Number of protein chains: 2
Amino acid sequence: MTDDARTDEQLGAEDFRAVFRRHAGGVAVVTAVGPDGPRGFTATSVVSVSVDPAYFAFSVNATSSSRAVIEAADGVVVNVLSAAQSDVAARFAAPAQDRFAGIATEVLPGGEIVLSGAVGWVQGRIEQRIDIAGSLLVIARAVRADLGPRAFPLVYVDHAYHRLSEDSRLR
Amino acid sequence: MTDDARTDEQLGAEDFRAVFRRHAGGVAVVTAVGPDGPRGFTATSVVSVSVDPAYFAFSVNATSSSRAVIEAADGVVVNVLSAAQSDVAARFAAPAQDRFAGIATEVLPGGEIVLSGAVGWVQGRIEQRIDIAGSLLVIARAVRADLGPRAFPLVYVDHAYHRLSEDSRLR
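Residues numbered from 1 in each chain as written. Chains lettered and ligands numbered in written order. Predicted model: local features only at pLDDT ≥ 70, side-chain atom pairs only at ≥ 80, totals over all residues.

Draft legend 1. Spotlight on the nonpolar core. Counting 110 residues, the largest nonpolar core has A:Phe56, A:Val78, A:Val155, B:Phe56, B:Val78 and B:Val155 as the members making the most contacts within it. Those residues in contact with A:Phe56 that sit more than four places away from it in its chain are A:Val46, A:Val47, A:Ser48, A:Val49, A:Val78, A:Val122, A:Gly124, A:Ala140 and A:Ala142. (Core = buried A, V, L, I, M, F, W, Y, C linked by C-beta atoms within 7 Å. Buried ≥ 20, exposed ≤ 12 C-beta atoms within 10 Å, placed from the backbone. Contact = placed C-beta atoms within 7 Å.)

Put into structure tokens, the structure is as follows:
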């Protein structure tokens, strides 16, 4: 293995960011209820892991203000934002005092928060949190879901939101 | 906790799929070199987990023909596809005999495969594979990366590819 030396290599943060800036992500708001009430943050890192049984995952950066809430939460709701909800995405990505102010929500029987207007949501029970240098990769078992209005979703890439539509679709 | 009974709940596969069909994903081709040569598959599940140190993750469904290769691989390359590469995405998602036939590639010093025309790529060393009912959530340490042509990326949602552009961008 002439390659052994490379196992000590680690890509620099700037080179890594440069590639992921070009990788598009569907935009969701992850909500959780903490000791101080509902909290939420915009995430472009939600992925399906297993369909049957249904599991999803998402990451929370070490520097995120929402990390502590996710560290302590039992459950989360992933709200998939529509192309018309870039204002909601921006709100839940900004350092606002109360991100929920003026946002229409529905409360599930267990107290979990669903954002109105999302194209769909999935509620999950957190089963694993993998700590990677302070960042968290969270694995949740899906327990409940519903669809919202039928609409194209919001996408984020290179510091900008994009609106999918019939015009962006390839045939 | 009146909610305890629900911790046994599991969302049905069809309800789960219905929400994730509406969740857009940036499109990548993940390549790895197996005992039978280069292999690759189209993935919409690649996410950044940590920036410094640089780690990413992706999932491989239990039913994927690429699962065995990823189970055995030491490393992978994530190739982020451009909006012009929907043909490449379709090729690496189809049950083709040789997905690399006619595809322009570059070979890294360690033998890893980069697809020409990708807007960027990251090479990673697999550090963890989390098995969830046969599906894998893979965590890799990023060791090398580069950018390709400057272009908007390809996105997948609801069984269709979408091309991001200046026209889809919100201001």
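Draft legend 2. Expanded view of the interface of chain A and chain B. On the chain B side, the residues contacting the 65 residues of chain A number 65 residues. Of all the secondary-structure elements, those providing two or more residues to the side of chain A that touches chain B are helix 1 (13–21), strand 1 (25–26), strand 4 (47–50), strand 5 (55–60), strand 9 (120–132), strand 10 (135–147), strand 11 (154–157) and strand 12 (160–163) of chain A. Counting residues per element, the side of chain A that touches chain B draws most heavily on strand 10 of chain A, which supplies nine residues. Of the residues assigned to the side of chain A that touches chain B, the class counts are 37 nonpolar, 15 polar and 13 charged. (Helix = DSSP H or I, 4+ residues; strand = E, 2+ residues; numbered from the N terminus. Nonpolar A, V, L, I, M, F, W, Y, C, P; charged D, E, K, R; others polar.)

Draft legend 3. Examining the relation of the copies chain A and chain B more closely. The two copies are related by a screw operation: chain A maps onto chain B through 180° of rotation and 0.0 Å of translation along the axis, at an RMSD of 0.0 Å. With respect to symmetry, the two chain copies, as superposed, fit the operation of a two-fold axis. Closest approach to the rotation axis within chain A is made by the C-alpha atom of A:Gly25, at a distance of 2.7 Å. (Least-squares fit on C-alpha atoms with pLDDT ≥ 70 in both.)

Draft legend 4. Quick peek at helix 1 of chain A. Three or more residues of helix 1 of chain A are buried, namely A:Phe16, A:Val19 and A:Phe20. Buried residues along helix 1 of chain A cover an arc of 95° about the axis, so they all sit on one side. Residues of helix 1 of chain A that are buried sit in contact with strand 4 (47–50), strand 6 (75–80), strand 9 (120–132) and strand 10 (135–147) of chain B. (Arc of directions from axis to C-beta.)

Draft legend 5. Main features of the sheet that holds strand 4 of chain A. What the seven strands build is an open sheet, ordered 3-2-6-9-10-5-4 (chain A); its pairing is antiparallel. Edge strands, defined here as strands with exactly one partner in the open sheet, are strand 3 (37–43) and strand 4 of chain A. When strand polarity is set aside, the average angle formed by the axes of neighbouring strands in this sheet is 35°. Of the strand pairs in this sheet, strand 5 of chain A and strand 10 of chain A are connected by six bridges, and their pairing is antiparallel. Bridge pairing in strand 10 of chain A links A:Phe58 to A:Val138. Along the sheet, helix 1 (residues 13–20) of chain B makes contact with strand 4, strand 6 (75–80), strand 9 and strand 10 of chain A, crossing strand 10 of chain A at roughly 110°. (Pairing = 2+ DSSP bridges. Axes fitted to C-alpha atoms, helices over the stretch in contact; angles between N-to-C directions.)

Draft legend 6. Layout of the pairing of strand 3 of chain A. All names here are of chain A. Burial within strand 3 is extensive, with five of its seven residues counted as buried. In terms of strand pairing, strand 2 (residues 28–34) meets strand 3 through seven bridges, oriented antiparallel. Paired with Gly34 across the bridge in strand 3 is Gly37. Counted along the chain from strand 2 to the antiparallel partner strand 3, the turn is two residues long.

Draft legend 7. Spotlight on the environment of A:Gly134. Of note, A:Gly134 is situated in the loop between strand 9 and strand 10. Taking the C-alpha atoms as reference, A:Gly134 lies 9.1 Å from A:Val60; in sequence the two are 74 residues apart.

Draft legend 8. Just the pairing of strand 4 of chain A, in detail. Residue and element names in this part refer to chain A. Sheet topology places strand 4 next to strand 5; three bridges connect them, and they run antiparallel. Its bridge partner lying in strand 5, Ser50 is registered against Tyr55. Hairpin connection from strand 4 to strand 5: four residues lie between these consecutive antiparallel strands.

Draft legend 9. Region of the structure containing the environment of B:Val143. All names here are of chain B. Positionally, Val143 belongs in strand 10. Val143 gets classed as partly exposed once you count the C-beta atoms within 10 Å, which come to 19. Sequence separation between Val143 and Gly124 is 19 residues; the distance between their C-alpha atoms is 5.5 Å.

Draft legend 10. Here's a closer look at the sheet that holds strand 3 (residues 37–43) of chain B. Read from one edge to the other, the open sheet built from seven strands follows the order 3-2-6-9-10-5-4 (chain B), with strand pairing classed as antiparallel. In the strand order of this sheet, the two ends are held by strand 3 and strand 4 of chain B, each with one partner. Each neighbouring strand pair of the sheet contributes to a mean axis angle of 35°, computed without reference to strand direction. The sheet contact formed by strand 9 of chain B and strand 10 of chain B spans 12 bridges and is antiparallel. In the strand pairing of strand 10 of chain B, B:Gln128 is matched with B:Ile139. Against the sheet, helix 1 of chain A engages strand 4, strand 6, strand 9 and strand 10 of chain B, with an angle of about 110° to strand 10 of chain B.

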